[in-house]
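What follows is the residue order along each chain.
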Amino acid sequence: MNVLWIMCDQLRFDYLSCAGHPTLETPNIDALAARGVRFDRAYVQSPICAPSRMSAYTGRYCRSHGSTWNGFPLRIGEPTLGDHLRKIGVRPVLVGKTHMVPDRAGMEWLGIDPASPVGRNHAECGFEPFIRDDGIHPDGPLAEPELSYNRYLRENGYGGDNPWEEWANATEDKDGSAHSGWLMRYNGLPARVPDEHSETPYMTRKAMEFMETAGDGPWLCHLSFIKPHWPYVVPAPYNDMYGKDDIQAAIRHDRERDGDHAHPVFRAFQQSRICRGFVDEAVREAIIPPYMGLIRQVDDQLGELFAFMEARGMMDDTMIVFSSDHGDYLGDHWMGEKDQFHDVSARVPLIICDPRSKADATRGMVRADLVEYIDLAPTFLDAFGGAPLPHILEGRSLMPLLHDRAEPEAWRQYAISEYDYSTRYARIALDVPPEDARMTMVCDARWKYIHAEGFRPMLFDLENDPLELNDLGADPAHEAVRNRMYEALCAWSRKFHTRITVPAALVERNTNVEVPGVYIGVWDETDLKRHFPNATPQP
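Residues numbered from 1 in each chain as written. Predicted model: local features only at pLDDT ≥ 70, side-chain atom pairs only at ≥ 80, totals over all residues. Heavy atoms only, no water.

(A) The arrangement of the overall build of the protein in detail. Each helix and strand in the protein was counted, giving 19 helices and 15 strands. Taken over the C-alpha atoms alone, the protein extends approximately 100 × 60 × 50 Å along its principal axes. Within the protein, the proportion of its 539 residues that are buried is 56%. Across the protein, every contact between residues at least 6 apart in sequence was considered, and the portion connecting residues at least 24 apart equals 71%. On the protein, roughly 22,700 Å² of surface is accessible, and the fraction owed to carbon and sulfur atoms is 52%. Of the charged side chains in the protein, 56 are positive and 82 negative, and the gap between their average positions amounts to 2 Å. (Helix = DSSP H or I, 4+ residues; strand = E, 2+ residues; numbered from the N terminus. Buried < 20%, exposed > 50% of the residue type's maximum accessible area, 1.4 Å probe, protein only. Contact = heavy atoms within 4.5 Å. Areas by Shrake-Rupley, 256 points an atom, 1.4 Å probe, with all protein chains shown as cover. Lys, Arg positive; Asp, Glu negative; His and termini not counted. Charge placed at Lys NZ, Arg CZ, Asp CG, Glu CD.)

(B) Structural detail: the pattern of salt bridges. Evaluated as defined, the whole model comprises 37 salt bridges. As a salt-bridge pair, Glu 209 and Lys 206 come within 3.5 Å of each other at their nearest N and O atoms. You can see Glu 209 and its partner Lys 206 sitting in helix H9 (residues 199–213), three residues apart, about one turn around the helix. Among the ionic contacts, a cluster of salt bridges with common partners joins Arg 38, Asp 40, Asp 343, Arg 347, Lys 448 and Glu 468. (Salt bridge = Lys/Arg side-chain N within 4 Å of Asp/Glu carboxyl O.)

(C) Structural view of the pairing of strand S8 (residues 318–324). Counting buried positions over the seven residues of S8 gives seven, a clear majority of the element. In this sheet, S8 lies alongside strand S1 (residues 2–8) in parallel orientation, the contact comprising seven bridges. Each residue of the ladder has a partner; that of Met 7, found in S8, is Ser 323. Bridge analysis of S8 against strand S9 (residues 347–353) gives four bridges, and the strand direction is antiparallel. Among the inter-strand pairings, Val 321 is bridged to a residue of S9, identified as Ile 352. (Pairing = 2+ DSSP bridges.)

(D) Fine view of unusual backbone geometry. For the bond from Lys 227 to Pro 228, the omega torsion is 15°, close enough to zero to count as cis. Relative to the elements of secondary structure, Pro 228 occurs in the loop between strand S7 (219–224) and helix H10 (264–270). For the bond from Trp 230 to Pro 231, the omega torsion is -5°, close enough to zero to count as cis. Here Pro 231 shows up in the loop between S7 and H10. If you check the backbone angles, His 333 has positive phi at about 55° while not being a glycine. For His 333, a relative accessible area of 1% corresponds to the buried category. In this model, Trp 334 sits at a positive phi of 60°, which is unusual for a non-glycine residue. When you line up the elements, Trp 334 lands in the loop between S8 and helix H13 (343–346).

(E) Layout of the packing of helix H7 (residues 148–155) against H9. It is at 12 Å that the axes of H7 and H9 come closest, and there the two elements cross at 105°. Relative to H9, the element H7 lies roughly perpendicular. Contacts between H7 and H9 involve Ser 148, Tyr 149 and Tyr 152 from the first element and Glu 199, Tyr 202 and Arg 205 from the second. Across the contact of H7 with H9, the residue classes tally to three nonpolar, one polar and two charged. (Axes fitted to C-alpha atoms, helices over the stretch in contact; angles between N-to-C directions. Parallel < 35°, antiparallel > 145°, perpendicular 65-115°, else oblique. Nonpolar A, V, L, I, M, F, W, Y, C, P; charged D, E, K, R; others polar.)

(F) Geometry of the packing of H9 against helix H12 (residues 281–311). As a packed pair, H9 and H12 sit with axes 10 Å apart at the nearest point and diverge in direction by 15°. The angle between the axes of H9 and H12 places the two elements in the roughly parallel class. Here the hand of the crossing between H9 and H12 comes out right-handed. For the pair H9 and H12, the contacting residues are Thr 200, Pro 201, Thr 204, Met 208, Met 211 and Glu 212 in the first and Gln 297, Val 298, Gln 301, Glu 304, Leu 305, Phe 308 and Met 309 in the second. Grouping the amino acids of the contact of H9 with H12 by side-chain chemistry returns seven nonpolar, four polar and two charged. (Left-handed = near helix turned anticlockwise from the far one by under 90°.)

(G) Examining the nonpolar core more closely. Formed by 70 residues in total, the largest nonpolar core has its most connected members in Trp 5, Phe 39, Leu 220, Leu 350, Ile 352, Tyr 421 and Met 439. Counting residues per element, this core draws most heavily on helix H14 (residues 376–383), which supplies five residues. When residues no more than four places from it in sequence are discounted, the contact partners of Met 439 are Val 265, Gln 340, Phe 341, Ser 417, Glu 418, Tyr 419, Tyr 421, Ile 450, His 451, Ala 452 and Met 458. Among the nonpolar cores identified, the runner-up in size contains 59 residues, and Ile 29, Leu 147, Val 283 and Ala 286 belong to it. (Core = buried A, V, L, I, M, F, W, Y, C linked by side-chain atoms within 4.5 Å.)

Worth remembering: the numbers are spatial, not functional.
Here it is as structure tokens:
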């Protein structure tokens, strides 16, 4: 069996028709959900691109792998999904984005040549790059010297110093004037490139190209789309496929930012330049329709991809996983971007379609079990028949939820997400030292608790307040709930560790096994013979 792992960037959990969006149509993603399982309570391990992805690629929490912000390297030696799959003969292939930053200082310290097989494997986060394209500004500090997509645009007649910005992520009005995609007032205009030359179709064709040439496998192809991440620029006809009437009312309340009720950390984020920009209704009207168009374009391209696979008989032996690395506030909760733990940011779409007959019992099922992004790595390993690695992978395989309608007896009670805001405006506004700029979310079936170091907690009752508008973090009536959730967070922090070199089975085999020739706690010769009959110590 092969695996196709599709990841969107910045796609909200509720912007799919199968998840209840009233006007956005995603028929191909819906059809995938009908053939598989849609996990309705899936949470990322951080609501920011790189740390979320590093958790997915390592199967480990942020506090374990250490890459807690965009541009923070994943340390050399941290094992990845690709490393685990190679050991069992599976080819891990990348088509698109990882947001990986290699640990060049660590490689230099250890004498590892970045151009060596070890160095290249680390730099690509364990994947074999069929094509890597992080979709970030090509002139930025994290970009490759030349994006492959930029080369593609030049080959198709789109010139300039930076075709990514000047054509694919710029718009054009009726008189031919071009506008930067960074200026949100122009996002509703069509991109300067036609649909077939925009980023999502380009990535989809590259995935088809890999599948056409992959051979017999087994392989895991990680098709990692760049969209619907900003700039919110999409080509015709998607740019005006949706309009003002398709924009849902903003999820927000004045008490979230006013008076004593507003949490100081949350309020500091709301006061940042970015968030103040996104809450304006004119901005929401400019960006949400093209954001929806970008999602519809992804869905249409998945229809093309699935038809391609169907024509080649690949749908019968390929597990398909659809996911996102985090959501997008779009002005909800007086926020822009992601950054915080509301469901619109930290809860993501997750659909898994296992083609094997053992998954027939759950087809079309929507599960409310708590799922974490770190569960994907052990699920893939399990799908390929690999042995579990619980001393390394902190997630758990989702196979029991894919193959049985009943909930496993020992399934997860809590989900965890972490956030490092040491580089953000809020830390400066609050005068918090970088080492204390940490937040951790723990949620169960009903409650969501957020610990912000140095401040009172936040608490939301997801049963009675599903939109998370009423923070109960200071409400005396909910002290017992806060104490229980805090203890759950402390139990999590006590439980997990970074020992990845010795599996539990080896620990058990070595329990109470003395090192040969070492006799600790022995009184005399008689005592020695009683405990170590074959001992021959020298005086």
